[in-house]
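Overview (structure and organization)
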Protein chains: 2
Amino acid sequence: MRNLSPVTYIVSITMVLLSIFMAIPALLYLGEADSNTTAFAYPALGIFIAASVGILLTRHRSHRLQPRYMFVLTVSSWLIISILCALPLYFSNLNLSMTDAIFESFSGITTTGSTVLSGLDTMSPDILLWRSIIQWMGGIGIIGMFVAVLPFLGIGGMRLFATESSEWTEKALPRMKSLSRGLLFVYCALTLACILIYWVSGMSLFNAVNHAFTTISTGGYSTSDQSMGQFNSNLILFEASIFMALGSMPFFLFVRELHGQHWVLFRDQQVRAFLGLLIAAALVMTVYRLWMHEEHPLGLFVSALFNVTSIVTTTGYASEDYLQWGSFTSVAFFFLTFIGGCSGSTSGGMKIFRFQLSFMVLKEQFRRLLHPRAVLTRNFNGRAVSDEIIASMIAYVFVFLMGMAVMTLGLSLMNVDLTTALTASITALTNVGPGLGPVIGPAGNFASLPDAAKWILSAGMILGRLELLSVIILFSPAFWRT
Amino acid sequence: MRNLSPVTYIVSITMVLLSIFMAIPALLYLGEADSNTTAFAYPALGIFIAASVGILLTRHRSHRLQPRYMFVLTVSSWLIISILCALPLYFSNLNLSMTDAIFESFSGITTTGSTVLSGLDTMSPDILLWRSIIQWMGGIGIIGMFVAVLPFLGIGGMRLFATESSEWTEKALPRMKSLSRGLLFVYCALTLACILIYWVSGMSLFNAVNHAFTTISTGGYSTSDQSMGQFNSNLILFEASIFMALGSMPFFLFVRELHGQHWVLFRDQQVRAFLGLLIAAALVMTVYRLWMHEEHPLGLFVSALFNVTSIVTTTGYASEDYLQWGSFTSVAFFFLTFIGGCSGSTSGGMKIFRFQLSFMVLKEQFRRLLHPRAVLTRNFNGRAVSDEIIASMIAYVFVFLMGMAVMTLGLSLMNVDLTTALTASITALTNVGPGLGPVIGPAGNFASLPDAAKWILSAGMILGRLELLSVIILFSPAFWRT
Ligand SMILES: [K+]
Ligand SMILES: [K+]
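Cut-offs and rules
Residues numbered from 1 in each chain as written. Chains lettered and ligands numbered in written order. Predicted model: local features only at pLDDT ≥ 70, side-chain atom pairs only at ≥ 80, totals over all residues. Heavy atoms only, no water. UniProt positions renumbered as here; feature names shortened; annotations may be inferred. Donors = N, O, S within 2.8 Å, 3.2 Å for Na, K, Ca; no water. Helix = DSSP H or I, 4+ residues; strand = E, 2+ residues; numbered from the N terminus. Buried < 20%, exposed > 50% of the residue type's maximum accessible area, 1.4 Å probe, protein only. Phe/Tyr/Trp six-rings, centres within 6.5 Å; stacked < 30°, edge-to-face > 60°. Lys NZ or Arg CZ within 6 Å of the ring centre and 35° of its normal.

- In the nomenclature of an unreviewed UniProt entry, chain A is known as Trk system potassium uptake protein of Marinobacter halodurans.
- Under the UniProt heading Function (unreviewed entry), the entry covering chain A gives this text: "Low-affinity potassium transport system. Interacts with Trk system potassium uptake protein TrkA."
- What UniProt states about chain A under its Sequence similarities (unreviewed entry) heading is, verbatim, "Belongs to the TrkH potassium transport family."

Laid out in C-alpha cells, this is it:
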C-alpha cells in the first residue's frame, strides 16, 4: 500500500483541478432561473476538500513510481475522474438515473460523445457547458497521458513515439515539464482560435465555446439534438472539419513547430496518410452521391468532408442523417469508424499508424515471398520499427477485436440486435460516438438501451481510451504477484 | 513463356482427372428421363482432349518449377478447374445464367457451399451429384495444396507447418509422394466411413453419398433446400458433427497416426483448441436457449453442436434457421464465422492456429510490460515460432480484413444492405457458405443478389481458399519484373 501514495498524490492534484472546473458552471449561472448551482457547488467543494486531505497526507512521501503502479495510476485516475464528473449530472434538474449519469460522464471524459440525453436545445446552459468542459478536460488528459505515460508503458506499438523525454528519469523531468507546458499552450491556443472563428461565423458565444471545446477534444457533444446541423451553414461545417482534423494530429508536433522545426507536421508520415484519407474518402462519397443523382457538388463535398472528418477523427458530430445517403456510405462509415486519427492527439480509434505499420509488414511479406533471402528493414518517420513494436501492435489489435467481440456478445445477451450491438461496441472502443442503425445512428441516441448495456459500453469507452492493454493488464494475476 | 510449360503440364493432368469425374454423372444416369447426359459428356470429352494435347506438348520439357511460378500454377489451376466445373451446370436443364453457373461452381470447388439454386429437392440427381463431386474434389485439392504448395510459399504463417518434405527438392520427392498417397487414402477412407454411417442411420444411398462428399470436404451443399434439416434426425446431426470435425483436422496428422505415431492427433495444440471451442460454444448456446425457456436440453445441445460445428468447420449446413434463436446466437454465429478449422484440413476461415499465435503474442506482451528485460521464446507444438512467422500471419490477417472491407464496399455499391454485404463478404472469404440476415441467412440463398455481386463473391471465395496472399501477389508489379 505504501507504493500507492504517489498514486494518491497525483490523483488528488488532478481532483483539485477538477473541482475548479466544476465550480465554473456554478459561478457563471449563479442565481439564474434554470441553473443547477448546488448540483455543481456541493460536489466541487467536497472534491476540493477530499483532494486537499489527500495531498496533505502524501506530500512528504517519495513520488517515485514503480513502473507497474503507472498502470494503477492511469486506470484509477480516469475512473475516479469519470465518476466524479457524473455527480453534477446526477444531482441536476435532468433527473437522470445513476446509470445514465455515469454513461454520459464516461462518454464525456473519454471524448466518445455518445449521449443518453435528448432535448438538448432546451436544456439548462450550465449542464450543456459542463458536458463540453468534461470533453475538453478529457482531451488534454489523453494528450498528457500520451506523452507522459503510454510510450513509457510500451503499449500497442506506441514505443514508436517514445522520445528521450518519455523515459521518466530525474534528468528528463525538466524537458518533460517544458513539453507539457507547450502542449497545454497549443491546446488552449487552438481552442481559443476555434471559439473565435465559430463566433465570427455566426454562432452565439455560448455555442462557439461549447463547440470549440468539443471540436478540439474530438468529443462531439453538442448543444442541440441536431448536432452541427443546427447552424445550417456550410462555412461552419468546413471550419469544424479543419479544427477536428487539427485536434486529431500529434500535438507534440505542434510544439515542435513552435520551437522552430518548420514543416515537421506535414513531413510526418502519419499526418500525411491521415489527411490523404480524409480527402480521398470525402471525394469518393461526393462522387457516389452525384452518381446517385444528387445535386450541388460543392455542398455535397463539404457535407461529405465534414461527416467523414467527424468519424475518422472520432469526433462524432453529425450534420444530417448520413445513413440516408445510401448503402455504400453506411458501409463506408462502418469501416471508417475503426480507423481513428493520429497517435498523440485527442482522437481515438485504432490510429492511422497501426494501419501503416500493418501495410508495411504486408509489403515486406510480398518482398520476402519473391526474394526469400532479401534483407529488409522497416522504418517509420525515419525510425527503425523493431519486431517488438510490431508484436505490441498485434497484441493491441488482437485485444481490440476480442474486446469488440466480447462486448457485442454481451450486448446481444440483452437482446440488442446485431447492427446495434456491433456498432455500439465499436463506437465505444474507438471513442467515436454514434453507431449505425435506427437506434444509435447519427439520428438516434443511447437512452433506450438497457442499463446493463450502458455499463458495458461505459467500460468499453474507458478501455478504448486507455488503449485497452493498460486496463486489461490489471486483470492478469501475474500483475499482482510482487 | 517457356517457364509456363510445367504449369501447363500439371494443369493438364488435373484436367484429365476432372474429365473422368465429370463423366461419372453422365454414365450413372444415362438414359434416365430428367438426366443431363450431354451437359456432362460433351464438356468431359472436350476437356479430356484438350488436356491430352497439353500433356503431349509439354511432357518432354523440364518440370522444374521456379518458385514464383508456383503462384501462377496455384491460381491458374484453381481458376481453370472452377470454370470448367461450371460447364455441366450451364448446359444442364437448370437454365442457369453464366453468372449463376460460375458462382455455383466457384462456391463448390472452394467448398464454400453458398448456393443460387433452390428447389434442390426436385432437381435432377446428376446435377445434385455433380455439385457434391465438385466439393469433394475441392476438399482433396486444398489438402494437397496445403502439403505441396502453401508452406513452401511461406504464406500467412503456414511455414509453421513446413516439414522436410515440403522443401520440393529432388531428395524430398519420394517422401512427398508417400505423404500424398497417405492423404488420399485417409480422405477416401473417411468419405467411405461417412457414407456407410449416414446410410445405416436412415439416409438413402444417394443422400448418404452426396452428404458424405460435402461433409468431409466441409463444403455444405445438400440435396434439399432444408439442408440437413430434411432428415429430422438428431442421430444424423450428431454424426455429421463428428465427420465435419474430422474433415477440419490436419490430415497429415491422420497419416502420422496410421504410421504408428499414436495420439499425435489429440496432442496437437491446434486440434485441442479446435475441439475445445466446439464443445464450449455448443454448451454456451444450449445454456442460453434453456435460459430463454426452451425445452429438451439434449435436443438443444445436439442442435447447437451441429450448427456450431457447421459454422466453425466452415461447412455451412443448417438444420434449422438459427437466426430465430435470439440476438445472442446470431451475434455468436457472426463471430464464429471468422474462426475456421485447423490448418491442413478441408476447412476455411482464418484458422484456429492464427488465433492461438495472436494470443501467444498477447501473453508475451503482458510479460514484457511487467518484466521489460525478460527473455521470451514462443513455441507451438514444440516448434519455435519466429518473428518471421508472426509477420507473415499479420500480413494474412491484414489482407483478410482489408479484403473484407473492400468486398463489403463493393457489394454496397450495388445497394446491398450492410448486414448482407458484410456477412456475404465474410462467408465468401472464409468459405463458410451461409451469411446472416433474411437474404443470405441459413434460410435464404444468394440467387437474388445482383450479378456483379455474385462475381465479387466468386472472386472472394477463390481469394479466401488460396489464403489471399498467393492470389494478391500476382497483382504486384514486382512479381512480373524478371
Ligand atoms: K467522439
Ligand atoms: K462451406
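Focus: the coordination of the potassium ion (ligand 1)
Residues and elements named next belong to chain A.
- Ligation of the potassium ion (ligand 1) by protein atoms is provided by Thr111 (O), Thr112 (O), Thr218 (O), Gly219 (O), Thr314 (O), Thr315 (O), Asn431 (O) and Val432 (O), these donors lying 2.4 to 3.1 Å from the ion.
- Each donor residue of the potassium ion (ligand 1) belongs to the same chain, and together they define the spacing T-T-x105-T-G-x94-T-T-x115-N-V. Separated by 212 residues along the polypeptide, Gly219 in the loop between helix H8 (205–216) and helix H9 (234–247) and Asn431 in the loop between helix H17 (418–429) and helix H18 (437–440) bring together distant segments of the chain.
- Looking at Gly219, the relative accessible area reads 0%, which means it is buried.

With respect to unusual backbone geometry
- Here Glu467(A), not a glycine, exhibits a phi torsion of approximately 55 degrees, which is positive.
- Its place among the elements puts Glu467(A) in the loop between helix H19 (451–465) and helix H20 (469–472).
- You can call Glu467(A) buried: its relative accessible area is 3%.
- We note that Thr111(B) has phi near 55 degrees; this positive angle belongs to a residue other than glycine.
- Structurally, Thr111(B) is set in the loop between helix H4 (98–109) and helix H5 (125–148).
- Taking the relative accessible area as the measure of exposure, Thr111(B) reaches 0% and is therefore buried.

Observations regarding the packing of aromatic side chains
- The final tally for this structure, using the stated rule, is 42 aromatic pairs over all chains.
- With a centroid separation of 5.1 Å and an interplanar angle of 80 degrees, the aromatic rings of Phe334(A) and Phe335(A) are classed as edge-to-face. Each member of the pair Phe334(A) and Phe335(A) is classed as buried.
- Ring centres of Tyr90(B) and Phe91(B) lie 5.4 Å apart, and the angle between their planes is 65 degrees; this geometry places the pair in the edge-to-face category.
- A network of ring pairs unites the aromatic residues Phe21(A), Trp136(A), Tyr187(A), Phe213(A), Phe251(A) and Phe254(A) as a single cluster.
- Taking NZ or CZ as reference, Arg131(A) lies 3.8 Å from the ring centre of Tyr221(A), over its face.
- Across the ring face of Tyr396(A), the terminal group of Arg354(A) is positioned such that the distance to the ring centre comes to 3.6 Å.

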